[in-house]
Amino acid sequence: MHLWQLTLVGPTTVTAVASGSFTAAKRHELVAATPSALLLLRSTPDGRLRCLSACPSYGAVRAVAPVRLPGSRRDVLAVTADSGRLALLQLSATTSPPSWTPLHVETYGKSGVRRLVPGQYLVVDPRGRALLVAAVERQKFAVVLNRDAEAALTVASPLAAHKSRTATLGVVAADVGWENPVFVALERGYEPRGGPVGLVAYELDLGLNTVVRRALGGGVDPTASALVAVPGAAGVVPEAADGPPTPRTLRVRMLHRRGEALGAAMVTAATGHRQKGLLFFLFCTERGDLLVATLTTVPVAGGAGGSAAAAAAAATGASSVVTALSLRYLDSLPGPARCLSVLRSGFLFVAPEFGPVALYEFLADPSGVATNDGGFASSSNWTAAPPPSSVVPVGGGLSPGVSPLGVYGQRAGRPPVRVYGAADDLNPPPRTAPGAAGASGGDAAGAAGGSDGGGGDVLAFVPRAVPVNLVLVDELPGVSPALCGAAAPEGGTTSGGVRVCLPPLLVGSGRGGASMLRTVAHGVGVGEMASETLPGTLTGVWTLGGPPDEEEEEAAERIAAGDPPPPM
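Keep in mind it's a predicted model, so treat the numbers as computed, not measured. (Residues numbered from 1 in each chain as written. Predicted model: local features only at pLDDT ≥ 70, side-chain atom pairs only at ≥ 80, totals over all residues. Heavy atoms only, no water.)

Details of the overall build of the protein
Within the protein, the regular secondary structure consists of 3 helices and 36 strands. For the protein, the residues scored as buried account for 42% of the 568 residues in total. Of the contacts formed within the protein by residues at least 6 apart in sequence, a portion of 54% connects residues at least 24 apart. For the protein, the accessible area works out to roughly 29400 Å², and carbon and sulfur atoms hold 56% of it. (Helix = DSSP H or I, 4+ residues; strand = E, 2+ residues; numbered from the N terminus. Buried < 20%, exposed > 50% of the residue type's maximum accessible area, 1.4 Å probe, protein only. Contact = heavy atoms within 4.5 Å. Areas by Shrake-Rupley, 256 points an atom, 1.4 Å probe, with all protein chains shown as cover.)

Some thoughts on the pattern of salt bridges
Throughout the structure, instances matching the rule amount to 11 salt bridges. Residue Arg48 pairs with Asp474 through a salt bridge whose shortest N-O separation is 3.7 Å. Of this pair, Arg48 sits in the loop between β3 (37-43) and β4 (49-56) while Asp474 sits in strand β31 (residues 470-476); the two residues are 426 residues apart in sequence, bridging distant segments of the chain. Using a relative accessible area of 43% as the deciding quantity, one classes Arg48 as partly exposed. According to the relative accessible area criterion, Asp474 is buried, its value standing at 13%. (Salt bridge = Lys/Arg side-chain N within 4 Å of Asp/Glu carboxyl O.)

Some words on the packing of aromatic side chains
Taken as a whole and judged by the stated rule, the model has 4 aromatic pairs. Seen in terms of ring centroids, Phe22 and Trp100 are 5.7 Å apart; in terms of plane orientation they differ by 75°. Their pairing is edge-to-face. Here Phe22, found in the loop between β1 (16-20) and β2 (29-33), pairs with Trp100, found in strand β8 (residues 99-107); they are 78 residues apart in sequence, far enough to count as distant. Take Trp100: its relative accessible area is 9%, and that puts it in the buried class. Seen from their ring centres, Phe280 and Phe362 are 6.3 Å apart, and the 75° between their planes marks the pair as edge-to-face. Placement of the pair is Phe280 in strand β20 (residues 278-285) and Phe362 in strand β25 (residues 357-362), with a sequence separation of 82 residues. Both residues of the pair, Phe280 and Phe362, belong to the buried class. The positively charged end of Arg127 is found above the aromatic ring belonging to Trp178, 5.4 Å away from the centroid. (Phe/Tyr/Trp six-rings, centres within 6.5 Å; stacked < 30°, edge-to-face > 60°. Lys NZ or Arg CZ within 6 Å of the ring centre and 35° of its normal.)

Re the sheet that holds strand β23 (residues 337-342)
One open sheet holds the 4 strands; their spatial order is β23-β24-β25-β31, and the pairing between them is antiparallel. Each edge of the open sheet carries a strand with a single partner, namely β23 and β31. Between one strand axis and the next, the sheet turns by 25° as a mean value, whatever way the strands run. Sheet topology note: the β23/strand β24 (residues 347-352) ladder contains 5 bridges and is antiparallel. Note that in β24 the partner of Ala337 across the bridge is Pro352. (Pairing = 2+ DSSP bridges. Axes fitted to C-alpha atoms, helices over the stretch in contact; angles between N-to-C directions.)

Quick word on the pairing of β3
Taking burial as the measure, the 7 residues of β3 include 7 buried ones, the bulk of the element. With 4 bridges joining them, β2 and β3 adopt antiparallel strand pairing. Residue pairing in the sheet places Leu30 in a bridge with Leu41 of β3. Count of turn residues in the β2/β3 antiparallel hairpin: 3 residues. With 7 bridges joining them, β3 and β4 adopt antiparallel strand pairing. Following the sheet pairing, Ser43 is matched in β4 by Leu49. Remark: 5 residues form the turn of the hairpin made by β3 and β4, two consecutive strands paired antiparallel; Gly47 in that turn has positive phi of roughly 85°.

Some words on a nonpolar patch on the surface
On the surface, Val479, Leu505 and Val520 cluster together to form a nonpolar patch covering roughly 180 Å² of accessible area. Relative to the assigned elements, Val479 resides in the loop between β31 and β32 (482-487). Judged by its relative accessible area of 31%, Val479 falls in the partly exposed class. (Patch = residues over 30% accessible without salt bridge, like charges linked within 9 Å, V, L, I, M, F, W, Y side chains within 5 Å.)

Examining the sheet that holds β32
Taken in spatial order, the 3 strands line up as β32-β35-β36 in an open sheet, and their pairing is antiparallel. On the outer flanks of this sheet lie β32 and β36 (516-520), each paired with one strand and no other. Strand after strand, the sheet turns through a mean of 25° between neighbouring axes, direction not considered.

Details of unusual backbone geometry
At Lys26, a residue that is not glycine, the phi angle is positive and equals roughly 60°. As for its position among the elements, Lys26 is in the loop between β1 and β2.

Quick word on the environment of Asp75
Examined against the element boundaries, Asp75 turns out to sit in the loop between β5 (61-67) and β6 (76-81). With a relative accessible area of 7%, Asp75 lands in the buried category. Residues Asp75 and Ala65, spaced 10 residues apart in sequence, show a C-alpha to C-alpha distance of 9.6 Å. Apart from the residues lying within four places of it in its own chain, the contact partners of Asp75 are Gly20, Ser21, Phe22, Pro66, Val67 and Arg68. A polar atom in the side chain of Asp75 sits 2.8 Å from the side chain of Arg68. (Polar contact = N/O pair within 3.5 Å; in protein donor to acceptor, adjacent residues only side chain to side chain.)

Topic: the nonpolar core
In this structure, Leu282, Leu290, Leu340 and Leu348 are the most contacted members of the largest nonpolar core, which totals 18 residues. Among the secondary structure elements, those contributing two or more residues to this core are β20, β21 (289-299), β23, β24 and β25. Setting aside chain neighbours within four positions, we find Leu290 in contact with Phe283, Cys284, Arg328, Tyr329, Leu330, Asp331, Leu333, Leu340, Leu348 and Leu470. (Core = buried A, V, L, I, M, F, W, Y, C linked by side-chain atoms within 4.5 Å.)

Brief notes about the side chain of Asp125
Along the chain, Asp125 falls in the loop between β9 (121-124) and β10 (130-134). Aside from chain neighbours lying at most four places away, what touches Asp125 is Ala130, Ala173, Ala174, Pro181 and Phe183.

Considering the environment of Gly374
Examined against the element boundaries, Gly374 turns out to sit in strand β26 (residues 374-378). C-alpha separation for the pair Gly374 and Ala460, spaced 86 residues apart in sequence, amounts to 6.2 Å.

Focus: the side chain of Arg464
Considering the arrangement of structural elements, one finds Arg464 in the loop between β30 (458-461) and β31. When its relative accessible area of 13% is taken as the criterion, Arg464 is described as buried. Only 2.5 Å separates the side chain of Arg464 from the backbone oxygen of Leu330, close enough to count as a polar contact.

A look at the environment of Leu348
Mapped onto the elements of the fold, Leu348 is located in strand β24. Spatially, the C-alpha atoms of Leu348 and Phe362 are 7.2 Å apart, while their sequence positions differ by 14 residues. Apart from residues no more than four positions distant in its own chain, Leu348 is found in contact with Leu282, Leu290, Ser341, Val342, Ala358, Leu359, Tyr360, Phe362 and Leu470.

Side note on the confidence of the model for the protein
Predicted coordinates in regions of low pLDDT should not be interpreted in detail. Taken as a whole, the protein shows an average pLDDT of 75; of its residues, 71% reach a score of 70 or greater. Of the regions scoring below 50 in pLDDT, residues 389-454 engages in 112 contacts with residues more than four places distant in sequence or in other chains. (pLDDT = per-residue confidence, 0-100.)

Structure, rendered in structure tokens:
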């Protein structure tokens, strides 16, 4: 007895994205995980997304990450799924289309998406020596990766790094060079009233084959919900909410829409991009606003004037030290993003929570965008309270008050109440706070000064209805998420009183301005591409395979022969 599964239209929601070189060296490709398949995507020079292969997963993929072993020029894909197993897959280019071949499969937990079963978080050491699989609560496993005498991948037994009564909010792999791999987690303890949020480092000692857990400094801001790794030994660590910045910690306030309180929108996706002479980070809020963060670094030469930060950076072997952190408003997307990935060719891959997967092209360097609409903050201008330009006026007899966590309104004899403005208005009129004369002029001055890293902070910005720094070049069609549907009252075709084609379906999808009403018809559309009159009677039709792609054929031959691909 056999089961034959045929999917006519598969899910188009992307739950996880990994970028790397999977088919050949220096080929930048994307692996997008959907609820039913793993998609291998590549961007063409004209800005189109090309799907090279679609491998059914027969399960829910929780996380994916690229793994490049030392000395290798291709990446291996690490996957965690609801089966409770960790799989390391390698792309086999000898088949058409390319398919994934399992190199190692490790079972570490029960099946199902559970809060105690690791797999929700998957991070890999930048040198490809180890990876960490973490659960939402308590459990974490560190896995050491190596090669045998035949240069084949070997996986050691998982090392437990559990911590009871602890919830994990995010995990990243620190760039420590060739020292012992270090994984940093954002954790919160279970207390009667909620424990503090703190950073915890898990150091994997490759010599002793053990995992050491240690806390990094004090607590961080209680609203922290994600981590982003900074390449290089000189990293940026969040500071305590009630303490001033130190030479080793930098802090910058999150930007918000004009008319909203500080901290009204949470970050849903973040990514970093590093190229020669270029380093920036992108953040997407739940409103769909894209924020770009940049670092100001100075080279370490003779201690850089004897500063403590330069001395600490020189002790870790870093060639530069971070002196400032800036945050700017870039553009607004139709909705919040689930995953972001920046391609080396100058494109931005966006997997939204609502709507089709989109590919955008950068029209300018994201690290040097102008802030004419406001939206600039820098760690060099950090103060205990937000600048007056970020105060939002409130009405109804409420007197505005400023707090490090937001804008509040206070009524005599009553506790503070957080006040929100017109959050959904895309073009609200500029507002000034009482007692802050010339605040609107200060916004413009701060925005002008923010474009080059100077001036004061302007935390409020006006979201753009149409992006100016990004342009949409391609989309993957889909109806995700399908929120409602109904059969068309009229439609379909009949032949001799027998229905041969069902009526189309009307499906509602999207949210807000990206909402759509789509018509989904049964069958596949057929279009006439050529017409030719035959000289005689047609007796049979055969199909012949066309010539394969020259680049893919050459890469497949070299992989089959065991030779490395030529440098691009």
